[in-house]
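Understanding the architecture of this molecule
Residues per chain, in single letters:
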Amino acid sequence: MSAVLADMRKIETTKTIAPAATKAIAPSKDGRPWTFYVLAALFTFYVLALYGPMFCIYILSFQDIRGGLVFPMKGQSIHWFVDLFTQVRTGDVKGSFDRSIKLAVIVTIITVVVSFLAGLGFRKRFRGDTFVFYMMIGSLVAPGLVLGLGTGLLFQALGLNASWYTSALGAQLSWTLPFGVLVMFAVMSRFNHAWEEAAYDLGASRWQSIWLVMIPVLAPGLIAVALFGFTLSYDEFARSLQTAGSLNTLPLEIWSMTLNVTSPSLYALGTVTTIVSFIVIGASLGTIVLIQKKRGSRAKG
């Protein structure tokens, strides 16, 4: 009897507590709980803190010749963009931009090719594959500045001159290749090997199955690897500081400009580099969309 009374008391207690709990998480008049507005406010502050400084730089770069580095904004013009590529006092912006683009393209090509070959090689287990994998990923753990310094010292010990297309290329590949390989492993894990076997059954050679079957199917993943390689190389600073030699890449040129340039030209350079980054990202995403649409049209046909 006492057990029954105890259970009844628990039920009554639950009934009295339940309305209070329901009231605490009750939705507001528009059907959303109060926690939604708290999280939305936090997300808004996060976006402002992340992109607010960037938009300030973009706005201040469009001042006229009277402009300074702080608000209020003085006039509107593209004077500082013209000054960026014509005035010698701003540094070798054009040359550093050209070198960074060329280096990023070379790094992208090597990253895509090596990552794709690594994805093919790691589809089957082989002796020492775990050791090779961790040695390949180990460069992500090493600080970039230390790795760049080590690369520069190695070239000096070998009697080779450090330059953006030799030592800087090697240092940046130690940063881009692990990311590319990891992305390619994830892409390869979702590849249906039945398509490859079907190509063999139809008489395709090993090269034909790779070129006509695997690469078209894995194209979005390869574009993602290329995007990783380009963006990581384009704005890499730590691994290029001790390996670029006497000719600066664009991140190094921007860093040197912060030491001696006190005009909105620096902001204009930041705006230009951001536009280039968004163009590359947009082109990559557009290519993926076109590939998906083309594949869908073939499937319907």
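Residues numbered from 1 in each chain as written. Predicted model: local features only at pLDDT ≥ 70, side-chain atom pairs only at ≥ 80, totals over all residues. Heavy atoms only, no water.

Structural notes on the packing of helix α6 (residues 144–157) against helix α7 (residues 167–189)
Selection criterion: A fitted line through C-alpha atoms serves as each axis, taken over the contacting stretch for helices, and the angle formed by two N-to-C directions is quoted from 0 to 180°. Think of it this way: any DSSP run of H or I at least four residues long counts as a helix, any run of E at least two long counts as a strand, and we number them from the N terminus. Note on convention: near helix rotated counterclockwise from far helix by under a right angle means a left-handed crossing. Clockwise means right-handed. Residues are treated as being in contact if the distance between any of their heavy atoms lies within 4.5 Å. For this classification, the nonpolar set comprises Ala, Val, Leu, Ile, Met, Phe, Trp, Tyr, Cys and Pro, the charged set comprises Asp, Glu, Lys and Arg, and every other residue, Gly included, is treated as polar.
Running from N to C, α6 and α7 point in directions that differ by 145°, and their axes come no closer than 10 Å. Where α6 crosses over α7, the two elements pack in a sense that is right-handed. In contact with L147, T151 and F155 of α6, α7 contributes S167, A171 and S174. Along the lines of polarity and charge, the residues of the contact of α6 with α7 split into three nonpolar, three polar and no charged.

Regarding the side chain of S100
This is how the line gets drawn: Here a polar contact means two N or O atoms within 3.5 Å. Within protein one must be a hydrogen donor candidate and the other an acceptor candidate, and residues neighboring in sequence count only if both atoms are side-chain atoms.
In this structure, S100 sits in helix α4 (residues 93–121). One polar contact links the side chain of S100 to the main-chain amide nitrogen of L250, over a distance of 2.6 Å. Setting aside chain neighbours within four positions, we find S100 in contact with Y234, T249, L250 and P251.

Some words on the packing of aromatic side chains
Rules: Centres within 6.5 Å make a pair out of two Phe, Tyr or Trp rings, where for Trp the six-membered ring is used; the pair is then stacked when the planes are under 30 degrees apart, edge-to-face when over 60, and tilted otherwise. Using a 1.4 Å probe on the protein chains alone, a residue whose accessible area is under 20% of its type maximum counts as buried, one over 50% counts as exposed, and one in between counts as partly exposed. Placement of a charge over a ring requires the Lys NZ or Arg CZ to be within 6 Å of the ring centre, with the centre-to-atom vector within 35 degrees of the ring normal.
In this structure the tally under the stated criterion is 13 aromatic pairs. Seen in terms of ring centroids, F133 and Y134 are 5.4 Å apart; in terms of plane orientation they differ by 75°. Their pairing is edge-to-face. Using a relative accessible area of 55% as the deciding quantity, one classes Y134 as exposed. Centroid distance W175 to F179: 5.1 Å. Interplanar angle 80°. Geometry classified as edge-to-face. Residue W175 and its partner F179 are located together in helix α7, separated by four residues, close to a single helical turn. Using a relative accessible area of 19% as the deciding quantity, one classes W175 as buried. Joined through ring pairs, the aromatic side chains of F122, F133, Y134 and F185 make up one cluster. A cation sits over an aromatic face here: R32 above F36, 4.3 Å from the ring centre.

Considering the environment of R99
Structurally, R99 is set in helix α4. Excluding residues that lie within four positions of it along the chain, R99 makes contacts with D92, W164, L247 and N248.

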